[in-house]
Amino acid sequence: MWKTLRQIHRAGIPTEPPPSSDDTLRVAEMLQARILEVLGRALCIRAVDAGSCNGCELEMHALGNPFYNLEGLGIRFVASPRHADMLLVTGPVSRNMEVALRRTYDATPDPKLVVAIGDCGCTGGIFGESYATRGRVSNVIPVDVVVPGCPPNPRQILAGILTAISKAAPAGA
């Protein structure tokens with residue numbers, strides 16, 4: 001035991017060098033600053049399933065896990081469109097959801113952003129426009145950004161959210 005202690009005393013306790021600065025922290029700071037500039041507060045998102053297969057919803061829910069950490073960026077999901085700044089809409093808009101989607105859009109206060117998620121939300125997907133669906137989201141409400149994919153991965157969805165924020169005019173403009 002004494003031999004080991006003498007060896008530690010002679011060599012010292014080796015430590016790792018301090019980590020280099022992480023650029024993602026700067027990106028997070030810039031994103032939070034942009035959200036505050038555009039909205040004046042945290043970004044609140046209302047997810048709307050307008051008739052999807054739930055593949056896109058699974059990818060949206062992954063944004064809340066520790067890897068993507070959406071809440072850490074100052075972005076959160078809310079239960080009411082009255083508290084939302086952005087709508088994430090998935091699926092082809094079914095005839096039964098058309099009125100509900102319009103009401104949700106109307107209940108969202110200005111300035112509001114709309115992001116259509118997935119091939120079905122962007123183009124109508126394999127369903128197109130038929131007796132059962134109105135097709136893509138932009139056939140029912142105005143869309144700011146589309147995120148194609150079947151389903152798009154969480155990184156693509158996050159990129160769509162950030163694109164919508166970057167296109168938005170600053171608050172008071």
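Owing to the predicted nature of the structure, the values given are computational and were not obtained by experimental measurement. (Residues numbered from 1 in each chain as written. Predicted model: local features only at pLDDT ≥ 70, side-chain atom pairs only at ≥ 80, totals over all residues. Heavy atoms only, no water.)

Participant: Give me the lowdown on the overall build of the chain, citing residues and values where you can.
Facilitator: Of the regular secondary structure elements, the chain holds six helices and seven strands. Mapped in sequence order, the helices and strands of the chain form the string α-α-β-α-β-β-β-α-β-α-β-β-α. A buried classification covers 39% of the 173 residues belonging to the chain. Of the contacts made within the chain by residues no fewer than 6 positions apart, 81% connect residues no fewer than 24 positions apart. Entry remark: accessible area of the chain is about 10400 Å², with carbon and sulfur atoms responsible for 57%. (Helix = DSSP H or I, 4+ residues; strand = E, 2+ residues; numbered from the N terminus. Buried < 20%, exposed > 50% of the residue type's maximum accessible area, 1.4 Å probe, protein only. Contact = heavy atoms within 4.5 Å. Areas by Shrake-Rupley, 256 points an atom, 1.4 Å probe, with all protein chains shown as cover.)

Participant: How would you summarise the environment of glycine 64 if you had to cite specific residues and measurements?
Facilitator: The residue glycine 64 is located in the loop between α3 (55-62) and β2 (75-77) in this model. As for glycine 64 and isoleucine 75, which are separated by 11 residues in sequence, their C-alpha atoms are 9.7 Å apart.

Participant: Summarise the pattern of salt bridges; cite the residues concerned and give the values.
Facilitator: For the structure on display, the rule yields three salt bridges. Glutamate 98 serves as the salt-bridge partner of arginine 102, at 3.1 Å between the closest nitrogen and oxygen. One end of the pair is arginine 102 and the other is glutamate 98, both in helix α4 (residues 98-107) and four residues apart, which spans about a single turn. Judged by relative accessible area, glutamate 98 falls into the buried class, the value being 14%. Note that glutamate 98 and arginine 134 form a salt bridge whose closest N and O atoms lie 3.0 Å from each other. Of this pair, glutamate 98 sits in helix α4 while arginine 134 sits in strand β6 (residues 133-135); the two residues are 36 residues apart in sequence, bridging distant segments of the chain. What emerges from the salt-bridge pattern is a single network uniting Glu98, Arg102 and Arg134. (Salt bridge = Lys/Arg side-chain N within 4 Å of Asp/Glu carboxyl O.)

Participant: With reference to specific residues and values, describe the packing of aromatic side chains.
Facilitator: In the structure shown here, the tally under the stated rule is zero aromatic pairs. Here the guanidinium or amino end of lysine 112 rests over the ring plane of tyrosine 105, the centre of that ring lying 4.1 Å away. (Phe/Tyr/Trp six-rings, centres within 6.5 Å; stacked < 30°, edge-to-face > 60°. Lys NZ or Arg CZ within 6 Å of the ring centre and 35° of its normal.)

Participant: If you had to explain unusual backbone geometry to someone new, which residues and values would you point to?
Facilitator: Negative phi values dominate among residues other than glycine, just as trans dominates among peptide bonds. Along the chain, aspartate 110 connects to proline 111 via a cis peptide bond; the corresponding omega equals -5 degrees. Structurally, the position occupied by proline 111 is in the loop between α4 and β5 (113-117). Cis geometry marks the peptide bond from cysteine 150 to proline 151; its omega dihedral reads -15 degrees. If you trace the backbone, proline 151 turns up in the loop between β7 (145-147) and α6 (154-167). The phi torsion at asparagine 54 lies on the positive side, around 80 degrees, for a residue other than glycine. The residue asparagine 54 is located in the loop between β1 (43-49) and α3 in this model.

Participant: Kindly report on the sheet that holds β5, identifying the contributing residues and their values.
Facilitator: Strand order in the open sheet formed by five strands is β2-β1-β3-β5-β7, with parallel pairing between adjacent strands. With partners counted over all chains shown, the strands left at the sheet margins are β2 and β7, one partner each. Between one strand axis and the next, the sheet turns through 25 degrees on average, direction left out of account. Relative to β5, strand β3 (residues 86-90) is paired through five bridges, and the arrangement is parallel. (Pairing = 2+ DSSP bridges. Axes fitted to C-alpha atoms, helices over the stretch in contact; angles between N-to-C directions.)

Participant: So, the nonpolar core: which residues are in play, and what are the values?
Facilitator: Counting 23 residues, the largest nonpolar core has Leu43, Ile75, Met86, Leu88, Val115 and Ile161 as its most contacted members. Elements with a minimum of two residues in this core: α2 (23-39), β1, α3, β3, β5, β7 and α6. Take this core: its biggest share by element is five residues, from α6. Leave out the neighbours within four places in its chain, and leucine 88 touches Ile45, Arg46, Ala47, Val48, Met60, Phe77, Val115, Ile117, Ile157 and Ile161. Counting residues in hydrophobic clusters, the runner-up holds 12 residues, among them Ala50, Tyr105, Val114 and Val140. (Core = buried A, V, L, I, M, F, W, Y, C linked by side-chain atoms within 4.5 Å.)

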